[in-house]
Amino acid sequence: GPLAVLWRERDLLGVLFRRDMAVRTSGTLFGGLWMFVQPALQVVAFWFLLDFVLRVRFPGAVPFLHYFLAGMIPWQMMADAMNRSVYLMGEFAPLYARAVFPLPLLPLLPPLVAGAIYGVVYTLVMLVLEGPASAAAAPLVIVALMLWLMPVCYLLSLVGVFVRDLAQAIPFLITIVFYLTPILYMPEMLPERAQDWMILNPFADLMASVHGVLQGTEAGLGNVLRPLAVWLVLLGPAWVLFHRATPHIREAL
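Residues numbered from 1 in each chain as written. Predicted model: local features only at pLDDT ≥ 70, side-chain atom pairs only at ≥ 80, totals over all residues. Heavy atoms only, no water.

Time to look at the overall build of the protein chain. Each helix and strand counted, the protein chain has 11 helices and 0 strands in total. Its helices and strands taken in sequence order, the protein chain reads α-α-α-α-α-α-α-α-α-α-α from the N to the C terminus. Overall, the protein chain is about 60 × 45 × 30 Å in size when its C-alpha atoms are taken along their principal axes. Across the 253 residues that make up the protein chain, the buried fraction comes to 45%. (Helix = DSSP H or I, 4+ residues; strand = E, 2+ residues; numbered from the N terminus. Buried < 20%, exposed > 50% of the residue type's maximum accessible area, 1.4 Å probe, protein only.)

Given a rise of 1.5 Å per residue, 15 residues ought to cover 21 Å, and the 21 Å separating the end C-alpha atoms of helix 2 (residues 10–24) matches this to within 8%. Those residues of helix 2 that sit buried are L13, L16, D20 and M21. All buried residues of helix 2 fall inside an arc of 135° around its axis, so they share one side. What points out from helix 2, more than 90 degrees from its buried face, is the exposed set D11 and R18. (Expected span 1.5 Å × (residues − 1). Arc of directions from axis to C-beta.)

Here we take up the packing of helix 2 against helix 6 (residues 109–129). For the pair helix 2 and helix 6, interaxial distance at closest approach is 11 Å and the crossing angle is 65°. The two elements helix 2 and helix 6 meet at a crossing, and its hand is right-handed. On helix 6, the residues that touch L13, L16, F17, D20, M21 and R24 of helix 2 are L109, L112, V113, A116 and I117. Its residues assigned to classes, the contact of helix 2 with helix 6 shows 9 nonpolar, no polar and 2 charged. (Axes fitted to C-alpha atoms, helices over the stretch in contact; angles between N-to-C directions. Left-handed = near helix turned anticlockwise from the far one by under 90°. Contact = heavy atoms within 4.5 Å. Nonpolar A, V, L, I, M, F, W, Y, C, P; charged D, E, K, R; others polar.)

On to the packing of aromatic side chains. Summed over the entire model, instances satisfying the criterion amount to 8 aromatic pairs. Residues F64 and F68 carry aromatic rings whose centres are separated by 6.1 Å and whose planes lie at 25° to one another, so their mutual orientation is stacked. Note that F64 and F68 are positioned in helix 4 (residues 64–91) at a spacing of 4 residues, about one turn of the helix. For F64, a relative accessible area of 5% gives the class buried. Ring centres 5.8 Å apart and planes at 35° place the aromatic pair W75 and F178 in the tilted group. Of this pair, W75 sits in helix 4 while F178 sits in helix 8 (residues 165–180); the two residues are 103 residues apart in sequence, bridging distant segments of the chain. Of the two residues, W75 and F178, neither departs from the other in class, the shared state being buried. (Phe/Tyr/Trp six-rings, centres within 6.5 Å; stacked < 30°, edge-to-face > 60°.)

Of all hydrophobic cores here, the largest spans 72 residues; its most connected members are W75, M77, M78 and Y122. Those elements that provide at least two residues to this core are helix 2, helix 3 (34–53), helix 4, helix 6, helix 7 (132–162), helix 8, helix 10 (202–215) and helix 11 (222–252). If one sorts the elements of this core by residue count, helix 4 sits on top with 17 residues. Dropping the residues within four chain positions of it, Y122 is found in contact with L69, A70, I73, P74, A138, V141, I142, V210 and L214. (Core = buried A, V, L, I, M, F, W, Y, C linked by side-chain atoms within 4.5 Å.)

For residues with low pLDDT, the predicted coordinates do not support detailed interpretation. Per-residue confidence for the protein chain gives a mean pLDDT of 85, with 93% of residues at or over 70. Per-element confidence in the protein chain is highest for helix 7, whose mean pLDDT is 92, and lowest for helix 5 (residues 93–97), whose mean pLDDT is 72. (pLDDT = per-residue confidence, 0-100.)

Given below as structure tokens:
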């Protein structure tokens, strides 16, 4: 369903994408360039703090700064998409309140916009840190994460309309998941018992797969199959719930 909507409404999605970029950088000197400069400056800030000031060093085949950035950039992409999904329907309410509009298209916008922005930065960072092979794989990693986020964004967009408290809770929830995911630390730094509990966190599996693809670290088949199972379980219900709730969304907003 979501992929069919994505293909059928691709021209409209392109218009929304360009509108989104223009609105978020309207009146600035560099325009849409700021969308890419901001995450790039964050990368420079992380490098300065971790490698130049704190000089963080952990034993392992991958330097900690490389490990951290390989996980942090895609996490920021996912966090931005999830956070924006909660406010999305209210943000576009004036647009679809006055005309017939394919509402199922809107939840696809946050992962696509975030993926396009962070994908460029991620590719350049991986080129510098890991070389051409990892740089070539980086866009594929971002696309895979965008696809995985689709049902999550549908659910967050729907719940955000009817449960207004979610808008207040989602930044806290995203922060908690961030701390529970091996991004600021390597998985082997956790106690063995805590490492076993990581199988309950699909984001931990996603990060393990990302590091395995881009940096050759150890990643098992379970790190791929568990997030895939979560995606398959969520995709159908998320699509059906959003589709059936479309009339109620229009009424609520």
